Amino acid sequence: MPHAWSSYQRAIFSATQESSDSLSINAVAGSGKTTTIIEAAGGQECLFLAFNKSIATNLANHGLDASTFNALGHRAWAKAIGKGLTLNTSKLYGIVKDLEVPSDMFTDVLNLTRFAKIAGIVPSDTVGSYTSLLCDEPEVWADLADERDLEFGPEILRFARRALAMSIAQARSGIIDFQDQIYHTALFGAPLARRSLVFVDEAQDLDPLQHRILSRLTDRLISVGDPNQACYGFRGAEAQSMQHLAKRFGARDLPLSISYRCPRSVVREAQQYVPRMESWGDAPAGIVDKTSEVLSAIHPGTHILCRYNAPIFKLAWQLITSGTPANILGKDISVGLRRLIRRIAPESIPMAEFLPRLHAWAANEIANKPRKEAQVTDRVSTLTAIPAATSGELIADIERLFRGAGIVTLSSIHRAKGLEWPHVVFYGPELLPSKYAKTDMQLEQEANLAYIAITRAKERLTYAEITA
C-alpha cells in the first residue's frame, strides 16, 4: 500500500480526531482498512474489537488495545462469576446427548438450541437478572425453527428449552463454549468497562448479541466493514448489520473506496457489483482471463474458489491422482463430512451399500427440511465425488484432502473471505446466484459471494466454468 494517504483516508482521520461523532466506514475489498484505523486512532485511548484472533493480534502488535469479542466476553464472564472458566467446545452436544433426545430429533434440538442462543433467547424461568433479546414464547421458537428450516413441535421445544437452561446453569458454574462467551456477556450483566471510543472491524458480519455488547461498551463507535462482503446470514449474522449499527449510534457514513489489493482489470470486474470501487493511481493492469480447461490454468500457488464444495472435492481429487499435490481449506468441513459418513455407516461398508443409505438420508432431509436442499445436495455430491471403495476409505480420503500439503489450494468462497492470493481461479461462476436463493437477502448475499471471489485476486483472475 502506498505511503500517501488518500482523500478518503484523510477524511476518516479528520472525523476521528476532530469530532466526537460515531462513524460507519464503508470499506471496499483491499482498501487497507486495518492500516487506516490504526492511523485514525492517532494515540487516542480506545478499544479495537476484531472479528478474529489474527486481526486482533496484528492490532496488538502495533501497541493498540485490541481484542476479539470472544476474548472480551471470556474475561467479562469470568469476572462476573468470580472464577476461572473451562472451555468445552462440545458442551451443547453433550447436554443434548445427556437429555437422551430421540435420534430423529437430536440434530434439530441441537441446532435450535444453538440458534436460540445466537438470537438472544433466555428461558423465562431463568433465575436472576438478565436481558432477553427475544421472548421465550413458543411462537418465537417456531419462527426461529422455520427460519433455519428445522423441525419443530412441542417435544423439540421442550428439549431445546431444557438444553438451553442446562447450558446456562453450566456457564454459571464456569463451564462454557464459544457461544457462551458472547451470550452471557451480552445478556447476563457481565461487567464491561465503558470506553470513550470503540473501533469494530468486519462490522457487516456481527450478530445481535455482538450489537448488544457494543451498546453496553460505548456511546461512540467507529465501525468498519464492507456490506458487499456480508455472507454469513446462515450463521446468524444480522441482516444489514452496518446499517443497523449506524442507526443505533447515529453514525456518519464515510467511504473507503480505493482498493490497494486488486489490479485495474480486477477492479473493473468487481465494479459489476460495487460500482464505487476504485483502483489506486499506480495499480498494475493485472490479468483477467477465461478458460474452458481449468487444469491448464493451474500453476503452483494457484488458489481455486467455488460456490459449492462438491466441485472442489472432485477437482482436488483429479489434481492429486494426476500427480499435482492439492489441499482444501477448512478442517471443519472435513469433520462434518466424516461425522455424516459415520452416522450413516457406523462401520466401514462397501460404497455399493453406503450410497443407497446416503441417498435415503438426503431424501428424508430434503422432504422434512426443504430449505436445506442446497446444503444436502452439495454434501451428497461432495461424498460421491471421490471414487472410494468403502465408507472407511472415503473417510481416509477426505482426511487426506485436508492435510494442508499441496502446491494448489482449493476452498469455498465463504472460506476464502478475508484472504488474498496472486492468482485466483473463480471456478464455476455460473453457479451464482444459487438456484436455491429465493429471498432478496439470499440473492444479495449470492452477489456478495461473486464479489468476494473476484476481489481475492492480487495479480490474475481466471474464470473457469465447470464443464463436466
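1. Some thoughts on the sheet that holds strand β8 (residues 252-256)
Move 1: Strand order across the open sheet formed by six strands is β3-β2-β6-β7-β1-β8, with parallel pairing between neighbours. A single partner strand is all that each edge strand has here, and the edge strands are β3 (66-68) and β8. Neighbour to neighbour, the strand axes of the sheet diverge by 20° on average, direction disregarded.
Move 2: Alignment of strand β2 (residues 47-50) against strand β6 (residues 198-200), held across three bridges, turns out to be parallel. Directly across from L47, in β6, lies its bridge partner V198.

2. Things to note about the sheet that holds strand β13 (residues 326-328)
Move 1: Taken in spatial order, the six strands of this open sheet run β11-β16-β15-β12-β14-β13, and their pairing is parallel. If you trace the sheet from one side to the other, it starts and ends with β11 (287-291) and β13, each paired once. Shown here is a sheet whose adjacent strand axes are inclined to one another by a mean of 25°, direction ignored.
Move 2: The sheet contact formed by strand β12 (residues 303-306) and strand β15 (residues 421-427) spans three bridges and is parallel. Bridged to L305 within β15 is F426.
Move 3: Packed onto the sheet, helix α13 (residues 309-321) meets β12, β13, β14 (408-412) and β15 and runs at close to 165° relative to β14.
Move 4: The strands touched by helix α19 (residues 440-454) are β12, β15 and β16 (457-464); relative to β15, the strand with the most contacts, the crossing angle is about 140°.

3. Some thoughts on α13
Move 1: The end-to-end C-alpha separation of α13 is 18 Å, in line with the 18 Å expected for 13 residues at 1.5 Å each.
Move 2: Counting buried positions over the 13 residues of α13 gives 10, a clear majority of the element.
Move 3: Every buried residue of α13 is accounted for by N309, A310, P311, I312, F313, L315, A316, W317, L319 and I320.
Move 4: G323 occupies a position one or two residues after α13 and carries a positive phi of about 100°.

4. Some points on the pairing of β2
Within a regular strand, the side chains alternate between the two sheet faces.
Move 1: Along β2, one buried face is formed by L47 and L49 and the opposite face, lined by F48 and A50, is buried too.
Move 2: Pairing geometry for β2 and β3, over three bridges, is parallel. Each bridged residue has a counterpart across the sheet, and for A50 the counterpart in β3 is T68.

5. Focus on the packing of helix α5 (residues 91-98) against helix α6 (residues 103-119)
Move 1: Running from N to C, α5 and α6 point in directions that differ by 135°, and their axes come no closer than 10 Å. The angle between α5 and α6 places the two elements in the oblique class. Judged by the sense of rotation from one axis to the other, the crossing of α5 with α6 is right-handed. Mapping the contact onto sequence places L92, Y93, V96 and K97 in α5 and F106, V109, L110, T113 and R114 in α6.
Move 2: Taken together, the residues that form the contact of α5 with α6 break down as six nonpolar, one polar and two charged.

6. Quick look at the pattern of salt bridges
Move 1: Tallied over the full model, the rule gives 18 salt bridges.
Move 2: For R261, the salt bridge identified is with E420, shortest N-O distance 2.8 Å. Within this pair, whereas R261 is found in the loop between β9 (258-259) and α12 (264-270), its partner E420 is found in the loop between α18 (413-416) and β15, the two being separated by 159 residues in sequence.
Move 3: Several salt bridges converge on common partners, so that one network encompasses K33, D201, E202, D205 and K417.

7. Things to note about the nonpolar core
Move 1: With 56 residues, the main nonpolar core has L49 and L214 as its most contacted residues.
Move 2: Top contributing element to this core by residue count: α6, with nine residues.
Move 3: Discounting chain neighbours no more than four positions away, the residues touching L214 are L49, F69, V198, V200, L206, L221, L245 and F249.
Move 4: In terms of nonpolar packing, the next biggest core, distinct from the first, is built from 41 residues, L315, M351, A362 and L394 among them.

8. Quick look at the environment of V109
Move 1: Within the secondary structure, V109 is located in helix α6.
Move 2: V109 sits in the buried class, given a relative accessible area of 0%.
Move 3: Placed 51 residues apart in sequence, V109 and A160 show a C-alpha to C-alpha distance of 5.3 Å.
Move 4: Residues within four places of V109 in sequence aside, it is in contact with V96, V101, I156, F159 and A160.

9. Focus on the environment of V274
Move 1: Secondary-structure assignment places V274 in the loop between α12 and β10 (278-279).
Move 2: On the basis of relative accessible area, V274 is assigned to the buried category, the value being 2%.
Move 3: Residues V274 and K247 lie 27 residues apart in sequence; the distance between their C-alpha atoms is 22 Å.

10. A look at the pairing of strand β7 (residues 221-225)
Move 1: Of all five residues that make up β7, five are buried, and the element is covered over most of its length.
Move 2: Neither face of β7 is left uncovered, since the one carrying L221, S223 and G225 and the one carrying I222 and V224 both have all their residues buried.
Move 3: Here three bridges tie β6 to β7, and the two strands are oriented parallel to one another. Bridging from a neighbouring strand, V198 pairs with L221 of β7.
Move 4: Handedness of the crossover joining β6 and β7 through helix α10 (residues 208-217) is recorded here as right-handed.

11. Here we look at the side chain of D180
Move 1: Among the structural elements, D180 can be located in helix α9 (residues 178-187).
Move 2: When residues no more than four places from it in sequence are discounted, the contact partners of D180 are K91, K117, S167, A171, I175 and T185.

12. A few points about unusual backbone geometry
Move 1: Cis peptide bonds are those with omega within 30 degrees of zero, and the linkage from L432 to P433 qualifies with -5°.
Move 2: With phi around 50°, E202 is a residue other than glycine that occupies positive phi space.
Move 3: Structurally, E202 can be placed in the loop between β6 and α10.
Move 4: We classify E202 as buried; its relative accessible area is 12%.

13. A few points about the packing of aromatic side chains
Move 1: As enumerated under the stated definition, the model contains nine aromatic pairs in all.
Move 2: Plain terms: the ring middles of F48 and F199 are 4.6 Å apart, the flat faces sit at 10° to each other, and that makes the pair stacked. Placement of the pair is F48 in strand β2 and F199 in strand β6, with a sequence separation of 151 residues.
Move 3: A relative accessible area of 1% places F199 in the buried class.

How each quantity is defined
Residues numbered from 1 in each chain as written. Predicted model: local features only at pLDDT ≥ 70, side-chain atom pairs only at ≥ 80, totals over all residues. Heavy atoms only, no water. Pairing = 2+ DSSP bridges. Helix = DSSP H or I, 4+ residues; strand = E, 2+ residues; numbered from the N terminus. Axes fitted to C-alpha atoms, helices over the stretch in contact; angles between N-to-C directions. Contact = heavy atoms within 4.5 Å. Expected span 1.5 Å × (residues − 1). Buried < 20%, exposed > 50% of the residue type's maximum accessible area, 1.4 Å probe, protein only. Parallel < 35°, antiparallel > 145°, perpendicular 65-115°, else oblique. Left-handed = near helix turned anticlockwise from the far one by under 90°. Nonpolar A, V, L, I, M, F, W, Y, C, P; charged D, E, K, R; others polar. Salt bridge = Lys/Arg side-chain N within 4 Å of Asp/Glu carboxyl O. Core = buried A, V, L, I, M, F, W, Y, C linked by side-chain atoms within 4.5 Å. Right-handed = clockwise from strand over helix to strand, strands pointing away. Phe/Tyr/Trp six-rings, centres within 6.5 Å; stacked < 30°, edge-to-face > 60°.

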